[in-house]
Amino acid sequence: MSQSAMLKESNDTHSNQTLAKRFKIWMAVLIVSMIAGGGAILYRVIEGLAVTNLSTFVPWGAWVAFYIFFVGLSAGAFLLSTLIFVFGMEQYERVGRFALFTALICMVVALTFILLDLGRMDRAFNAMMYWNVLSILSWEVRFYLIYMVLLATELWFAMRIDLIKLAKDKSAGLKGKLANVIRLGSSDTSEISAKKDHRWMKILGIIGIPIAIIGVHGGTGTLFAAVAAQPYWNTPLFPIIFVVSALVSGTALLIAMYVIQRKVRGKSVDLTMIKGLAVLMIFFLIIDLTLEFYEFLVAGLSMKPDKMAVLDVMFTGPMSWSFWGVQIFLGAVVPIYLVFSKRTNQSVKALTIAAVLVVIGIIGVRFNIVVPTQIVQSMKGLPEGFYFPNWVEWLSSLGVVAMGLFLYSLGARFLPLETQEGEVKGHE
Amino acid sequence: MGTKYDVLINEGLVNGADILKSSKYDTSLGLNMAEDARRLSDGLISEEEFVSKYQESVSKEFNQKLEVHASEGSHDNVKWGMVIDLRKCVGCETCTVSCKAENRTPPGVSYNQVFIEEEGTFPNVSRTNIPRPCMHCDKPPCASVCPVRATYKADNGIVVQDADRCIGCRYCMVACPYGARTFDFGENYDEMLGYEEVTSPEHGMDRGKRKEGKAPVGTVRKCNFCFHRLERGEEPACVETCIGDARYFGDLNDPESTVSKLANSSRAFRLKEEYGTEPRVYYLR
Ligand code: SF4
Ligand code: SF4
């Protein structure tokens, strides 16, 4: 991160007013989406799961797909933050706290999705009260909570000094007051304490890596892979693919979020860093595609009928557009081209589009994990299932995602997530 | 004997006290005993308690001896199992229908189904009807995935579904290789009079009227080998009503039982043995 970039920010042409206005419009859009989604959620809560397109034949649908998507984003974003805080890749420092905060919000969103999906939301707490050692899902619930506490703690250490500075700053207004509460009485801004913070972040990051990989996301993959009755999921590669695609989507999301935020605030974008991250994203994506290629190749060559049936649905069924169109074309071919082509890889815009496409592609990946295998029924005589989310599921999903963005925007507005906020703040 | 789910009839009946008053025996004794008999069948009191409470008054009033009978025909070491003879099955789905009637399952919920498999090309075709209840697997994948242990293997071999604990995550549904689980979306046969009067008598529980948002609505449901019938010495409804007499039910722990002998015959096989689920339902080919 260079000094010149900072100086540029001070020449900010956007006035506070336009920024405030943009923020207001953005928040208004989110609130409207939340109200619309909230209506759908209310409808679902009152009427039960019958108002969705879920059925006994396809019991898991869009909400489960979104749940694993957001768990993946979270794990990916967190692992990226460890590159910075544990492995000292300072070139990415600017996205460090955003990564942690994004990871936390994504978990909140993921858990909201899974809550919506429960047949009996009122018994959600049972998942904490009872424990089944053999059930991966039972472990996951606990891992998610530990992981969220860890994320919050690490984020706190990352922001601590800035929080104290903000709390002392009389002109910081609401932001300062909030900082004063969140700093939890801590007031030491010395070099030594900063060092200590970094040590803590490193320790938490190191503990977090296995929790995120094995516990949170690998675990979510295992949740699927351990189901013998679903031959498509039932391979040891599956959890690994989960983790790698988490890295893909996490990196992509951070690129997109970072660029969009900076642009909206009329600030400069660190192109070198974006390029670095984009290459990293494509690197993960290619590993992901390779793993999946082998997954399909082995399944195809071994000609196990029940696996072939699922692949058949995925590649040629009525929903195959989500595989070829979303997952492969939009989510892989186009972004790889954008990042490697000399014509586009110098442009922030093209790289951001690539990142957004990758995120969308991973949504496709998640749907293709959850749905096609359930279309093929476990018993020959059962009617073939079909599933496409209905308006209740779409609208409520929109609402939940809007809630995530809302929380995120509040955080980005009122928390010192920007590195060296202190120095930049005066010019905002 | 008063079954719990004929509330419908009960409501139409005259007051019990009035009837008892016309008899020459003690009215309050009759009412109290009836009350406690209900609690006994709900499992709230034991038979011993019931007997010791009424022994004296019964012998005084009726000059009869009240005895504990439960230990006779005890089910302690029983491991229930089923055998279905595919050569006898005619594919009439009587089992499916009687199961729905017995367990009062709502639309979309069916514990039993009959699959029809046709093989070969004309004129060399064969057709097999495969009735499928829950297999009550000895190694049930549905139970091992359940995060809250709402479904589990009981000592008597039955894979139990606890409608009061299930959170409705439907993990068990994707994990069951036999498609034996259905989700209760809360639909009703509302064209039928009194459809909501009684729900799911499974496991001998009286849950009262079926109401929106009340268990078992929103939970996963499955066959329980008609446990409530076994408790009173009856066979599961599907076994009893099978018109081809294709189903056998009994104790697989007892080597002399019909089911044990049939399950050991060379015709016996189980569905999807490769999954290692060890079903307790055997088929005769
Ligand atoms: S058949 Fe399915 S529901 Fe029944 S015990 Fe086996 S796995 Fe569980
Ligand atoms: S739906 Fe109910 S029984 Fe099935 S796994 Fe979830 S909590 Fe257990």
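All values reported here derive from a predicted model rather than from experimental measurement. (Residues numbered from 1 in each chain as written. Chains lettered and ligands numbered in written order. Predicted model: local features only at pLDDT ≥ 70, side-chain atom pairs only at ≥ 80, totals over all residues. Heavy atoms only, no water.)

K.L.:
Please explain the overall build of chain A as it appears in this structure.
P.N.:
For chain A, the helix and strand inventory stands at 16 helices and zero strands. Its C-alpha radius of gyration of 22 Å places chain A within 12% of the 22 Å reference for a compact globule of 428 residues. Overall, the C-alpha framework of chain A stretches about 70 × 55 × 40 Å when taken along its three principal axes. Contacts spanning at least 24 positions in sequence make up 78% of the contacts within chain A whose residues lie at least 6 apart. (Helix = DSSP H or I, 4+ residues; strand = E, 2+ residues; numbered from the N terminus. Rg over C-alpha atoms; globule rule 2.2 N^0.38 Å. Contact = heavy atoms within 4.5 Å.)

K.L.:
It is not clear to me how the site of ligand 1 should be interpreted in this structure. Could you clarify?
P.N.:
By nearness alone, 14 residues border ligand 1, and B:Cys134, B:Met135, B:Cys137, B:Cys142 and B:Cys176 come closest of all. Here the shell around ligand 1 is composed, by residue class, of 11 nonpolar, one polar and two charged. (Near = heavy atom within 4 Å. Nonpolar A, V, L, I, M, F, W, Y, C, P; charged D, E, K, R; others polar.)

K.L.:
What is the right way to read the pairing of strand S10 (residues 281-284) of chain B from this model?
P.N.:
Consecutive side chains along a regular strand alternate between the two faces of the sheet. Residues and elements named next belong to chain B. Neither face of S10 is exposed, since Val281 and Tyr283 on one face and Tyr282 and Leu284 on the opposite face are all buried. Pairing geometry for strand S1 (residues 80-85) and S10, over four bridges, is parallel. Within S10, the position partnered with Ile84 by the bridge is Tyr283. Bridging between strand S9 (residues 268-269) and S10 involves two bridges; their strand directions are antiparallel. By the bridge assignment for S10, Ala268 is matched with Leu284. (Buried < 20%, exposed > 50% of the residue type's maximum accessible area, 1.4 Å probe, protein only. Pairing = 2+ DSSP bridges.)

K.L.:
What am I meant to see in the interface of chain A and chain B here?
P.N.:
The figure often quoted for interface size is the accessible area lost as the parts come together. Between chain A and chain B, the contact holds 37 residues from the first and 42 residues from the second. In total, about 3200 Å² of surface goes out of reach between chain A and chain B, with carbon and sulfur atoms giving 58% of it. The largest contributions to the chain A side of the interface with chain B come from A:Arg120, A:Arg123 and A:Met379, which together make up 19% of the buried area. The interface formed by chain A and chain B includes two salt bridges. One salt bridge connects A:Lys380 with B:Glu117, and the closest N-O pair in it is separated by 4.0 Å. The interface formed by chain A and chain B includes 22 residue pairs in polar contact (both at pLDDT 80 or more). (Buried area = accessible area lost by both parts, 1.4 Å probe. Salt bridge = Lys/Arg side-chain N within 4 Å of Asp/Glu carboxyl O. Polar contact = N/O pair within 3.5 Å; in protein donor to acceptor, adjacent residues only side chain to side chain.)

K.L.:
Explanation requested: the domain arrangement of chain B in the structure shown.
P.N.:
With domains assigned, chain B is organised as domain 1 (4-68) and domain 2 (80-284). Each of domain 1 of chain B and domain 2 of chain B was reduced to a C-alpha centroid, and the two centroids are 34 Å apart. (Domains from an automatic or database assignment.)

K.L.:
Could you clarify how one ought to interpret unusual backbone geometry in this entry?
P.N.:
Glycine aside, the phi torsion of most residues is negative, and most peptide linkages are trans. Residue and element names in this part refer to chain B. In the segment running from Phe122 into Pro123, the intervening peptide bond is cis, with an omega of 5°. Residue placement: Pro123 occurs in the loop between strand S2 (113-119) and strand S3 (126-132). Residues Ala215 and Pro216 are joined by a peptide bond in cis, for which omega reads 5°.

K.L.:
Honestly, the nonpolar core in this entry has me stumped. Any pointers?
P.N.:
In a soluble, globular protein the nonpolar side chains are often hidden away together inside. Core analysis: the largest hydrophobic core is formed by 139 residues, its most contacted members being A:Tyr67 and A:Phe224. No other element matches the 18 residues that helix H3 (residues 62-85) of chain A contributes to this core. Once residues within four sequence positions are removed from consideration, A:Tyr67 is found in contact with A:Ala110, A:Phe113, A:Ile114, A:Leu137, A:Tyr144, A:Thr220 and A:Leu223. Membership of the second largest hydrophobic core comes to 32 residues, among which are B:Cys95, B:Met135, B:Cys137 and B:Val239. (Core = buried A, V, L, I, M, F, W, Y, C linked by side-chain atoms within 4.5 Å.)

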